[in-house]
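So you can see what is in the structure, the chains are spelled out below.
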Amino acid sequence: MAYPEQQRKKKQKKKNNFLRDAKKLGKKGHFGKGKRLSEEEYNYYIRVYEQLKHAEGEDREILVRNFFRELQREGQEKSLAGNQIISRVLDHALPMADVCQVVEFTRVFKEDIRSTCVDPFASHVMQTLLALALKYSQENATQMRFEENEETNEVTEKSIPVTKEVKEEFISFIEKISKFVYNNLEDFIWDTYASHIICSIIMVCSAVDVQNIIKSKQKSQSNHGLFREEGEELKVPAVLSSVLPDIAERFTRLPDISGIVTYNCSSVVAQTLLLALYDTNKELCHAVVSHILDHGFSGISPSQCDQEEEEGVIGNLPLLFQSNSATRLLEVLIKCSSSTQQKLVFDQYLRGHIKALVQSKHCNFAVQRILTCWKDKENFEDVFNEASKTVEVAASTGHTGTIVSLAQACRQLSSNQWQCMEAVMEFLDCNQPDRHAQFVPLLLRMMKFDEFQKKKVEDALPSTTLHGSLILQEFLQFNKPSKVVKSLLEMTTSSLQELACDMRGSHVISAYFASKFVGAKNHEKMVHKFKGTFTALACCKSGSRSLDDMWKGASIKMKTLICSELVEDELKLKENTFGKFIFSNFMVSLFRKKDKSDWQELLNRQEKKRKMFDDLLKEVDSDVPKKKKKKNEKSSVDTKAISEDDIFLDVEGDVEKEEFLSE
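The rules behind the values
- Residues numbered from 1 in each chain as written.
- Predicted model: local features only at pLDDT ≥ 70, side-chain atom pairs only at ≥ 80, totals over all residues.
- Heavy atoms only, no water.
- Helix = DSSP H or I, 4+ residues; strand = E, 2+ residues; numbered from the N terminus.
- Polar contact = N/O pair within 3.5 Å; in protein donor to acceptor, adjacent residues only side chain to side chain.
- Contact = heavy atoms within 4.5 Å.
- Salt bridge = Lys/Arg side-chain N within 4 Å of Asp/Glu carboxyl O.
- Buried < 20%, exposed > 50% of the residue type's maximum accessible area, 1.4 Å probe, protein only.
- Arc of directions from axis to C-beta.

K.L.:
So what about the side chain of His 399? Which residues, and what values?
P.N.:
Its place among the elements puts His 399 in the loop between helix 21 (391-397) and helix 22 (401-413). There is a polar contact of 3.3 Å between the side chain of His 399 and the side chain of Thr 397. Residues contacting His 399, with those up to four places away along its chain left out, are Val 358, Gln 359, Ser 360, Lys 361, Asn 364 and Ala 394.

K.L.:
Before we move on, could you go through the pattern of salt bridges and cite the residues and values that matter?
P.N.:
Applying the stated criterion across every chain yields a total of 17 salt bridges. With a closest N to O distance of 2.8 Å, Glu 474 and Arg 411 form a salt bridge. Of the two residues, Glu 474 is situated in helix 26 (residues 466-476) and Arg 411 in helix 22; the sequence distance between them amounts to 63 residues. Judged on exposure class, the residue Glu 474 and its partner Arg 411 are both buried. The residue Arg 435 makes a salt bridge to Asp 429 at a minimum N-O spacing of 3.1 Å. One continuous salt-bridge network, built from bridges that share partners, spans Lys 343, Asp 347, Arg 351 and Asp 382.

K.L.:
How would you summarise helix 12 (residues 243-251) if you had to cite specific residues and measurements?
P.N.:
Because each turn of an α-helix spans 3.6 residues, side chains separated by three or four positions in sequence point in the same direction. Three or more residues of helix 12 are buried, namely Val 243, Leu 244, Ile 247, Ala 248, Arg 250 and Phe 251. Buried positions in helix 12, seen along its axis, are confined to an arc of 165 degrees and lie on one side of it. Of the surrounding secondary structure, the elements contacted by the buried residues of helix 12 are helix 9 (164-183), helix 10 (185-188), helix 11 (194-204), helix 13 (257-262), helix 14 (264-280) and helix 15 (282-296).

K.L.:
Could you give an account of the side chain of Thr 327, naming the residues involved and the relevant values?
P.N.:
Among the structural elements, Thr 327 can be located in helix 16 (residues 324-336). Apart from residues no more than four positions distant in its own chain, Thr 327 is found in contact with Leu 320, Phe 321, His 362 and Cys 363.

K.L.:
If you had to explain unusual backbone geometry to someone new, which residues and values would you point to?
P.N.:
Despite not being glycine, Asp 256 has its phi angle at roughly 55 degrees, a positive value. With respect to the secondary-structure elements, Asp 256 resides in the loop between helix 12 and helix 13.

Encoded structure:
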């Protein structure tokens, strides 16, 4: 099973190989795709691309300035952007370029918009320009530039405000491209490259970045998300406020909606539109959802399906699930639906099919989405009853993300928590009273009791699984996690130490001490269980995190117990990368004194500061006006649950767009 982190590393490795492949192909006489370049030009732009990755500060600024001057000198900015290599360079260089140079590019790209939008490489540059135009049209937009002091010859970085005239020109550029996209929506939505221009316009005119949420099956030369500083809130210029509603309204009047939802490019546009509307205009979002349900999914024909049959699975499912593009759109649609619409989706497409969907390599994510995004507690019973019967199937097929989502849904809605835990215990074959103590060890490894005992005798127990850890963390947030707590407290000290020092298991210990449903007495019992291992925990990367979380929820008595052990290994802690932070944060040097009053006083002072800070945060939260709930939305979706897309594993072929170098 490929976990998200492994997928990201693999993807990054492929991107890093682009430059090496480009050089190899250049030596063979292949000078990139798109507009033809001479060997001299090709090698020059390869050098620029390579230097951009390593240059910093003023050197990078000078390099970018010279690159744009070279392009403008030739007067072929737009045509050169149609070359694969130069498109790559522009994607990297434009965000670093002077605002005036970016403006010059927008002027050039205003001409012959259609040819740019459908070009495999120039379209990437158009997306970058649109995102930069929004960034530089903000009220307090500035740009950091390096300037040299003539008297001291010192180079300093200064923040230079973007002028009103330049802002207006950027807004004019977005407005012109958005009108052209609106007028050509029916054609562009089917085009591999122009469809991504539509997505960029939707993001820019809503200030909602959905680039990292959308799943598709092509690969991209770059991530064309919005440009924003950390903590910055982008605002859409008033003149562009009608663009998103207009595109949404036009979308509902497009012909062949069933074709749109099953075709990859157009499905991505629909996903982007729904997510942008969900954050900005829920009423219109729900209208688009209704339109897709009424005219899109219901009209899918067998000829529009592209998914290969999975033995014993796909043939029995609605046609919707035989199209990868439609299935991915369904996942987004579920998140953006009202509670009434979610029930309609369940009744029409998922009821009676949950077991088959869980077995499917691609469709099990729709089950995960319906569970984690379910809004109405009153209507959850039917969904739970069907999903809880698939725990065994999910484990046998390796699609245990659905079990995580089931536990997550029960935690969010505070519903069916006891039944959820029982279903998992039944799968693990530890629901008999004499086996309850093995609940946590079994769940962490997602192994049945008999198999676990066999592996234990052979001394071949596997390590903690990601999904086992996630399920356990959810269970610890249940209203009555007593079975999990008892099982954890019955584990041996060495097993608990192994768990706390494990990259995935350490989060279970953190969840134990963070849970408001685990009492102070059980916290103390757990701290006592770790007695004799505190130094080992402090000197381990994951263990030190577990120890830190233990410390935060511990009483003075327990903190004294921890420090009494740590003070004996002062030298070892100071020499260790992680131990030195524990030594400092726990004030072990102060604890070493016979009189512990100073240490206790400092701890009390820190605790008061922490409580004051927590109270302040609560006051700030209470001052934020709450949005009025609509009648059909009785419970809100947990924002944490929505953002945890890393639980949706094994998504093969993320869709964006990319043209790879080839001979």
